[in-house]
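Structural characterization, general
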Amino acid sequence: MRIRGITKHYYLMLLPGLIWLFFFNLLPMHGILMAFKEFNPGMGIWKSPWVGLENFRYMFELDDSIQVFKNTIFIAVLKMIGNLIVPLLFALMLNEVKNRYFSRTVQTIVYLPHFLSWVIVAGIMIDIFSYTGPINQVLSVFGMDPVLFFANAKIFPSLIVGSDIWKEFGFAAIIFFAALTSINPEMYEAAAIDGASQFKRLMRITLPSILPVAILLGTLSLGNILNAGFDQIFNLYNPAVYSTGDVIDTWVYRAGLIDMQYGLATAVGLLKSVVGLVLISTSYGLAYRFANYRIF
Amino acid sequence: MVEERSFLSRVFNGFNVILLILITLLCVLPVWYTLVVSLSDKAAVSAGQVFIWPKGFTLASYEAIIGDGQFLKSFLISVERVVLGAVITLFVVLLMAYPLSKTTKEFAPRNILMWLLIFSMLFSGGLVPWYMTMKSLGMINNIWGLVLGGGLPVFNVILVMNFFRNLPKEIEESALIDGAGPWRILFNVVFPLSTPVLATILVFTIVYHWNEFFQALVLMTKNENYPLQSYIRQVAVVVDMSKLDVETVKRSVGLSNQTLNAAKIFVSMLPLLIIYPFLQKYFVKGITLGSVKG
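Residues numbered from 1 in each chain as written. Chains lettered and ligands numbered in written order. Predicted model: local features only at pLDDT ≥ 70, side-chain atom pairs only at ≥ 80, totals over all residues. Heavy atoms only, no water.

- As annotated in an unreviewed UniProt entry, chain B carries the name ABC transporter permease and is attributed to Paenibacillus wynnii.
- Note on chain B: under the UniProt heading Subcellular location (unreviewed entry), the record states "Cell membrane".
- For chain B, the Sequence similarities (unreviewed entry) comment in UniProt is given as "Belongs to the binding-protein-dependent transport system permease family." (UniProt positions renumbered as here; feature names shortened; annotations may be inferred.)

- Naming follows an unreviewed UniProt entry, where chain A appears as Protein lplB of Paenibacillus wynnii.
- In its Sequence similarities (unreviewed entry) section, the UniProt record describing chain A reads: "Belongs to the binding-protein-dependent transport system permease family."
- Its UniProt record gives chain A the following Subcellular location (unreviewed entry) comment, quoted word for word: "Cell membrane".

1. Things to note about the packing of helix α5 (residues 110–122) of chain B against helix α8 (residues 154–165) of chain B
Residues and elements named next belong to chain B.
- Closest axis-to-axis distance for the α5/α8 pair is 9 Å, and the angle between their directions is 145°. Within the contact between the two elements, α5 uses R110, M114, L117, I118, S120 and M121 and α8 uses V154, F155, V157, I158, M161 and R165.
- Of the residues contributing to the contact of α5 with α8, the split by class is 9 nonpolar, 1 polar and 2 charged. (Axes fitted to C-alpha atoms, helices over the stretch in contact; angles between N-to-C directions. Helix = DSSP H or I, 4+ residues; strand = E, 2+ residues; numbered from the N terminus. Contact = heavy atoms within 4.5 Å. Nonpolar A, V, L, I, M, F, W, Y, C, P; charged D, E, K, R; others polar.)

2. Let's talk about the environment of B:Q49
Residues and elements named next belong to chain B.
- Mapped onto the elements, Q49 comes out in the loop between α2 (42–46) and α3 (60–66).
- Judged by relative accessible area, which is 42%, Q49 ranks as partly exposed.
- Through-space distance from the C-alpha of Q49 to that of I206 is 37 Å; in sequence the pair is 157 residues apart.
- Those residues in contact with Q49 that sit more than four places away from it in its chain are A44 and K55. (Buried < 20%, exposed > 50% of the residue type's maximum accessible area, 1.4 Å probe, protein only.)

3. Description of the UniProt feature "transmembrane region" (unreviewed entry) in chain B
- According to UniProt, the "transmembrane region" (unreviewed entry) feature falls on residues 12–33, 82–100, 112–131, 143–164, 185–210 and 262–279 of chain B.
- Helix makes up 100% of residues 12–33 of chain B and strand 0%, with an end-to-end C-alpha separation of 31 Å.

4. Focus: the packing of helix α9 (residues 185–193) of chain A against helix α10 (residues 198–221) of chain A
Residues and elements named next belong to chain A.
- α10 packs onto α9 with a crossing angle of 160° between their chain directions and a minimal axis gap of 10 Å. Relative to α10, the element α9 lies roughly antiparallel. Here α9 and α10 pass one another in a crossing that is right-handed. Two secondary-structure elements touch here, α9 through M187, Y188, A191 and A192 and α10 through R201, I205, T206 and S209. (Parallel < 35°, antiparallel > 145°, perpendicular 65-115°, else oblique. Left-handed = near helix turned anticlockwise from the far one by under 90°.)

5. Considerations on helix α6 (residues 127–136) of chain B
- Of all the 10 residues making up α6(B), 8 are buried; the element is thus mostly covered by neighbouring parts of the structure.
- Of all the residues in α6(B), the buried ones are B:L127, B:V128, B:P129, B:W130, B:Y131, B:M132, B:T133 and B:M134.

6. Considering the interface of chain A and chain B
- On the chain B side, the residues contacting the 93 residues of chain A number 113 residues.
- At the junction of chain A with chain B, the criterion picks out 0 salt bridges.
- The interface formed by chain A and chain B includes 14 residue pairs in polar contact (both at pLDDT 80 or more).
- In terms of residue count, helix α1 (residues 2–26) of chain A provides more of the side of chain A that touches chain B than any other element does, 19 residues in total. (Salt bridge = Lys/Arg side-chain N within 4 Å of Asp/Glu carboxyl O. Polar contact = N/O pair within 3.5 Å; in protein donor to acceptor, adjacent residues only side chain to side chain.)

7. Things to note about unusual backbone geometry
- Backbone geometry at A:M260 places phi at a positive 55°, although glycine is not the residue there.
- Here A:M260 shows up in the loop between α13 (248–258) and α14 (262–291).
- A:M260 gets classed as exposed once you look at its relative accessible area, which sits at 52%.
- In the Ramachandran plot, B:N141 falls in the positive-phi region, its phi being about 55° despite a non-glycine side chain.
- Here B:N141 shows up in the loop between α6 and α7 (143–148).
- You can call B:N141 partly exposed: its relative accessible area is 26%.

8. A short note on the nonpolar core
- In this structure, A:F90, A:F150, B:L100, B:F164 and B:F283 are the most contacted members of the largest nonpolar core, which totals 178 residues.
- Of all the elements, helix α8 (residues 156–181) of chain A adds the most residues to this core, at 15 residues.
- Beyond its immediate stretch of four places on either side in the chain, A:F150 contacts A:M125, A:I126, A:F129, A:F156, A:L159, A:L236, A:N238 and A:V241. (Core = buried A, V, L, I, M, F, W, Y, C linked by side-chain atoms within 4.5 Å.)

9. A look at the packing of aromatic side chains
- Going through the model one piece at a time under the given rule, you end up with 27 aromatic pairs over all chains.
- Both rings, one in A:F39 and one in A:Y262, keep their centres 5.2 Å apart while their planes meet at 90°; by these two values the pair is edge-to-face. Taken together, the residues A:F39 in the loop between α1 and α2 (44–47) and A:Y262 in helix α14 connect sequence positions 223 residues apart. As far as the burial class goes, A:F39 and A:Y262 line up, both buried.
- Ring centres 6.1 Å apart and planes at 40° place the aromatic pair B:W32 and B:W53 in the tilted group. Here B:W32 is found in helix α1 (residues 7–38), whereas its partner B:W53 is found in the loop between α2 and α3, with 21 residues between them in sequence.
- What makes B:W53 exposed here is its relative accessible area of 63%.
- Its end group placed over the ring of A:W50, A:K37 keeps NZ or CZ at 4.4 Å from the ring centre.
- The ring of A:Y242 is capped by A:R254, whose NZ or CZ atom sits 4.0 Å from the centre of that ring. (Phe/Tyr/Trp six-rings, centres within 6.5 Å; stacked < 30°, edge-to-face > 60°. Lys NZ or Arg CZ within 6 Å of the ring centre and 35° of its normal.)

10. Looking at the UniProt feature "transmembrane region" (unreviewed entry) in chain A
Residues and elements named next belong to chain A.
- UniProt feature "transmembrane region" (unreviewed entry): in the numbering of this structure it lies at residues 12–36, 73–94, 115–133, 165–184, 205–226 and 262–287.
- The span residues 12–36 carries 60% helix and 0% strand; its end-to-end C-alpha distance comes to 38 Å.
- Between the C-alpha atoms that bound residues 73–94 the distance is 32 Å, and the span itself is 100% helix and 0% strand.

11. What to know about the environment of A:F156
All names here are of chain A.
- Structurally, F156 is set in helix α8.
- For the pair F156 and Y242, spaced 86 residues apart in sequence, the C-alpha separation works out to 9.5 Å.
- Discounting chain neighbours no more than four positions away, the residues touching F156 are F150, L236, Y237, V241, T244 and G245.

Below you can see the structure in the form of C-alpha cells.
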C-alpha cells in the first residue's frame, strides 16, 4: 500500500521532463512523414500528398549527394583517428612529467579551447589565417606566397580536422589522465627494482594499462562516422570549398531551410538518422560485449 | 617515487617538457592574439604588423562596443537564456533522475522509460521536421524556443541518475522510517548529497546555452533577437563572398573592422574565461563520471 502511494509521486516528478521530452524531442519525429510526401506548406504535413520513395530516389540522382557523402566520411574518419591518437600521446607525455604544478597548469590551459564555441574559434581562425594574418606573415618570411586558406578546397579539410583536434585534444585527454592515475604505482616500483628503464616502463606498464580505454573510446566513436561536425563546418565553409567541405548536415541545412526543398532534405536527414542509430547501437553493443561498458 | 638519473632519460624528459610547453602555448596563443588585435591600432593590424604585443595601444574598440546597442542587447539575451536554461534544466533533470534511479521493483515502468530516453537521445527527426515543429509551437522569435528547443538533455538525466544509484541506500531508508515522503527525501536528503553531479551538469548547461548559436539563427527571424554567439557569427564569421579573389581581399583590408570584431569576440568569451577556473574541478569529475565507470 505504502509503495503504491510513492509510485504516484514518482509519476508526478517525471511529469515536467516527460512533457518537455514529448514536445521537443518526440513531436518533431512526426515530421519524418515529410520524407515520403511532396510537402506543401499550405496543406501542412498531414494533408500533403504521398510520393512514396520519390524523395529518396531523387536524392541518389543528385550529383552532390555522392560527393557530400564522401566528404562527410572522409572528414569524420580523419577526426576519429586524430581525436584518439593525439589525446593519447599527449596524456602519455604529460604523465612522464613528475612535477605536479607543471602538469596541473598544462592541463588547465589545454582544456580551455573545448569550452569556446565554434563561432568564437571560427572568428579567431579567420583572423589568424587571413590574407595579412600571422600565418601568412610567417610564410612570407620563408619566401612563400600568401595563401587564401579559407577559399582553397584542397586545404579546407586539413583546416577542419586540425582545428577540431586543437579544440578537443586536451578535453579528450581527461579520460586518459583518469585511467593513468588508476595504475598501481607499485608496478612501477617493482619494474624499477628489476632495472627497467623509463622507456621500458612506458612500453610495458603504462601503454598496456591504458590501451583498453583507448580501444573502448575508439569503438564508441565509430557511431559518429556520419557526424563530421556541423557547428564547425557551418561556421568555416563557403561556396569556394563546397567541393571538399560540404557534409550531410550542412547540405541538409541549405537544401531544407534555405532552398526550402523540405521533402528532399527530410529524406536525407532521415537516412542519416537511421544509419547513425544503427552505427551507434552497434558500437555500443560492441563496447558492452567486449569492455562491459554500460550507459546506465 | 622512482628516481631517474641516466643521461638518455634526462634528454628525453627535457625534450618532453619543451614540447609540452609548446603545445600549451599553441592553445593560448590564438586567444591571446585576439586580445592583442582588439587593443591595437586598426592600421597596424591591417598591415599585418601585430603579433604577440599590441601595436599602437588603444581602447577604441571597447569604447565602440559600449556604445553598440545591438551588441549589448544580444549579450543580455544570452544572459537571460543561460539563467532560464540553467534553472529549468537543473530542476527538471533532478526531478526526473530520482524516480529513474529506483529499481524496477520500486518503480515498475523504470526500464521502459529509460529506453524511451535513450531512443530520443540517439534518434531524431532531423533538422527540417524540428524546424516545422518549432514553428507550429510558436517558438519563432521566442526566448522559450532557445531555452527548451534543444530538447530534454537526456545525457544529463543519465549522469545524475547514475550518481543517485551509487548513493548508500541506508540513508534513504532511514529517512523513510522517520516518516519522510519521496519529495522530502529528494529535496532534504538526496539533493544536499548531490552537489558534485549537479554542479557538473550546471557547468555543461551554462556552457551549452552560452555557446549555442545555430538554433537561434534558425528560430530568430529578426537579427535584433539574436543571442550573442549568433550575433558574433553574423558580424565576424560569415565570409563575405565578394572578398574571395585576391585583389578584392587586398583592397578591402583596412575597410573591414578587424580590431572591433576581435574586441567583440574577446568580450563574448570573457564570462567563460572568468568562471572557467572555478568550473574546472567539476567538469573533470563530470566527464570521468560520464564516460568510464570503474
